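Breakdown of the fold
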Amino acid sequence: MTPGFIEFLLLGIAVIVHIGFVTTTLGVGIIVAVYRYLSYARKDQNLEAFARRAFRLLVVTELFSGVWGTVITVFLAGFFPSLTAIAASALFGPLAISIASIMIRVPSIAIFWYTWGKVSPKLHSIIGFIMGLSGFGIPFGFRTIFAEITSPRSVAALLQGTQPSLLYAYTDPVFWGLYAHTVIAAVSVGAFMVAAIMIMDRDVLWSRKALLFATIFLLLQPIAGTAYYLILSNNAQYIANSITSGEFMPVLAVKLFLFAVLLAASIHLMRRLGANTIPSYGKYIGILAIAVAITGEFMNDGSRYPYMVVLGSSGISIESLANPLMSIQSVFPAILTISVFLALSIAVFSIAIYYAMIKRFVL
């Protein structure tokens, strides 16, 4: 175990848990907005009912996503203060976009719900798109941090004595490859989760529609993933090599296997639903989609080890960026607290899902 490993591990766990929630809430948000608009445009109450039912999932996952986003921020500031300071200085513009998006996203969710049926359908559809699209503004800022520690651009300019422009980070191809992959995965996972809810509700028609939506975006993921890998091959050779021929090659194999299982299950489900039959395993299709997304995030973030910042074929070690004032002994109580919090968080989330989806206390 190299120095700084515990800090790297804790930060990684927080990121993985956060990704599980955030991919769901972002994808469901835009699906709700689209179907709310279609219900207005086509004057179809069935579409509106579908949007209402999908909105249940957004309500439950949004809060947990925000909590774990805060945990990541605290870990970064506590475990890697120098990295946090440099990133905040070089990426002030993108981070401001994320913060502004959060300030729009959270209130818009409440406004969307409390104005449902109380304002015109047209105005409510506009609020829905503000809610759905503002969610993707959050990773549009925060993903620049992941791109910078994969292939520094703004940070490199700052350390060379040049203050980068506010949007200089968006000239990095690594960011665009990662962001495109993130958006496609979020929409796919959100649609799969909605499909799972419809299957639990025994709704054949909307299960098929959600599943078709999810599968289309699932098929786009290999294209986005291949494009991102090619970008990594040119800008972060250490990560690309680790994934295809190094220690993370088994993780890549696991992800490809899960992807194949998800695709096969989707096709089989659609055929069975076409015959008005609902297989019992269909309610787990959303969890399988999240597993694919989490495996991909683990592969993308973990493959940089033992470096925190990758510079082509080498990098800056975790130890050199870890907080020297925080020893393992002092971190241990925090590890225990976080472990307990993680267990409680999963338990509370499971209870929330049960009451929101099964007992329908939400909507």
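Above this text you will find the structure in question.
These remarks concern the structure in this document.

**Here's the deal with the environment of L166**
Tracing the sequence through the fold places L166 in the loop between α6 (154-159) and α7 (173-200). Spatially, the C-alpha atom of L166 lies 29 Å from that of M299, the residues being 133 residues apart in sequence. Apart from residues no more than four positions distant in its own chain, L166 is found in contact with F92, G93 and P94.

**Some thoughts on a nonpolar patch on the surface**
Together, I104, L123, I126 and I130 make up a nonpolar patch on the protein surface, roughly 340 Å² of accessible area in all. The greatest single-element share of the nonpolar patch, amounting to three residues, is contributed by helix α5 (residues 121-150). Tracing the backbone shows L123 in helix α5. Taking relative accessible area as the criterion, L123 reaches 41% and is therefore assigned partly exposed.

**So, helix α1 (residues 5-42)**
Taking 1.5 Å of rise per residue, 38 residues should cover 56 Å, and α1 covers 55 Å from first to last C-alpha, within 8% of that figure. Counting buried residues in α1 gives 28 out of 38 residues, a clear majority hidden from the surface. K43, located one to two residues past α1, shows a positive phi value of around 50°.

**As for the packing of helix α8 (residues 204-235) against helix α9 (residues 237-245)**
Across the interface, α8 lies against α9 with an axial gap of 6 Å and an inter-helix angle of 125°. By the angle between their axes, α8 is oblique relative to α9. The segment α8 lies against α9, with Y229, L232, S233, N234 and N235 engaging Q237, I239, A240 and T244. Here the contact of α8 with α9 is built from residues that sort into four nonpolar, five polar and no charged.

What counts and what doesn't
Residues numbered from 1 in each chain as written. Predicted model: local features only at pLDDT ≥ 70, side-chain atom pairs only at ≥ 80, totals over all residues. Heavy atoms only, no water. Helix = DSSP H or I, 4+ residues; strand = E, 2+ residues; numbered from the N terminus. Contact = heavy atoms within 4.5 Å. Patch = residues over 30% accessible without salt bridge, like charges linked within 9 Å, V, L, I, M, F, W, Y side chains within 5 Å. Areas by Shrake-Rupley, 256 points an atom, 1.4 Å probe, with all protein chains shown as cover. Salt bridge = Lys/Arg side-chain N within 4 Å of Asp/Glu carboxyl O. Buried < 20%, exposed > 50% of the residue type's maximum accessible area, 1.4 Å probe, protein only. Expected span 1.5 Å × (residues − 1). Axes fitted to C-alpha atoms, helices over the stretch in contact; angles between N-to-C directions. Parallel < 35°, antiparallel > 145°, perpendicular 65-115°, else oblique. Nonpolar A, V, L, I, M, F, W, Y, C, P; charged D, E, K, R; others polar.

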